[in-house]
Amino acid sequence: MNELRELYEMILTQRTWSWAILGILDLLLFLTVRSLYFRPLVKRAKTLNSKWYHEIKKAYLRRSLGGWLLFVVSLLLVVFTWQKTANLTTFTLCEAGLVTLIVMMLLFAAMSHTTAFGTALIHVLKQLENNQMTL
């Protein structure tokens with residue numbers, strides 16, 4: 001238990017490298033939130049014909065750049081906030097605003113991925129409807 005306390009203190013005091021730990025936590029939080037929205041859609045899409053699913057996945061990958069950009073912005077905000085925050089026991093109004101912005105960016109990124117998947121589904125369905133795909 002003492003080792004964990006020392007690690008915690010080291011992370012708080014050595015901010016030149018400890019931002020990477022917060023970045024990893026940010027990524028884990030994003031992937032968790034994204035999977036809450038995303039997993040039910042992917043599960044149902046996988047029940048389709050495998051060729052259709054691969055077309056949906058390919059269309060999604062082309063549309064998911066916005067979600068990844070929002071995630072990168074949230075990651076940069078995490079690093080900026082971590083480097084600029086002097087005391088973790090009291091937040092200034094600016095720091096509280098940055099934390100709120102980070103959380104909002106993570107949620108928007110997750111919703112952007114879900115929207116990208118939904119539009120990919122509609123795109124593939126539209127192609128099937130117009131008989132443009134021979135699957």
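Here's what I pulled together on the structure shown here. (Residues numbered from 1 in each chain as written. Predicted model: local features only at pLDDT ≥ 70, side-chain atom pairs only at ≥ 80, totals over all residues. Heavy atoms only, no water.)

Let us now look at the environment of I21. Structurally, I21 is set in helix α2 (residues 15–46). Along the sequence, I21 and P40 sit 19 residues apart, while their C-alpha atoms lie 29 Å from each other. (Helix = DSSP H or I, 4+ residues; strand = E, 2+ residues; numbered from the N terminus.)

This brings us to the nonpolar core. Counting residues in each nonpolar core, the largest one holds 12 residues, listed as F38, V42, A45, Y53, I56, A59, Y60, A116, F117, A120, V124 and L128. Those elements that provide at least two residues to this core are α2, α3 (50–63) and α5 (93–129). Ranked by residue count, the leading element in this core is α5, at five residues. Listed in part, the 11 residues of the second largest apolar core include F71, I102, L106 and A109. (Core = buried A, V, L, I, M, F, W, Y, C linked by side-chain atoms within 4.5 Å. Buried < 20%, exposed > 50% of the residue type's maximum accessible area, 1.4 Å probe, protein only.)

Let us look at the layout of surface pockets. Roughly 330 Å³ of internal volume is contained in the largest pocket. Lining the largest pocket are 14 residues, and of these L22, V78, T81, V99 and I102 lie nearest its centre. Secondary-structure elements contributing two or more residues to the lining of the largest pocket are α2, α4 (65–84) and α5. Split by residue class, the lining of the largest pocket holds 11 nonpolar, two polar and one charged. (1 Å grid on protein atoms, 1.4 Å probe; cavity = no way out; pocket = protein on both sides within 12 Å on 5 of 7 lines; lining within 4 Å. Points joined across faces, edges and corners; volume = space filled by probe spheres on them. Nonpolar A, V, L, I, M, F, W, Y, C, P; charged D, E, K, R; others polar.)

Attention now goes to the side chain of T85. Examined against the element boundaries, T85 turns out to sit in the loop between α4 and α5. Residue classification places T85 among the buried positions, given a relative accessible area of 4%. For T85, the side chain forms a polar contact with the main-chain oxygen of T81, separated by 2.5 Å. Apart from residues no more than four positions distant in its own chain, T85 is found in contact with R15, F91 and E95. (Polar contact = N/O pair within 3.5 Å; in protein donor to acceptor, adjacent residues only side chain to side chain. Contact = heavy atoms within 4.5 Å.)

Further remarks concern the packing of α4 against α5. Interaxial distance between α4 and α5 falls to 8 Å at its minimum, and their mutual angle equals 160°. With respect to α5, the element α4 is oriented roughly antiparallel. α4 and α5 meet at a crossing whose hand is left-handed. Across the interface between the two elements, G66, G67, W68, L70, F71, V73, S74, L77, V78, F80, T81 and K84 of α4 pack against E95, L98, L101, I102, M105, L106, F108, A109, S112 and H113 of α5. Residue composition of the contact of α4 with α5, by class: 14 nonpolar, six polar and two charged. (Axes fitted to C-alpha atoms, helices over the stretch in contact; angles between N-to-C directions. Parallel < 35°, antiparallel > 145°, perpendicular 65-115°, else oblique. Left-handed = near helix turned anticlockwise from the far one by under 90°.)

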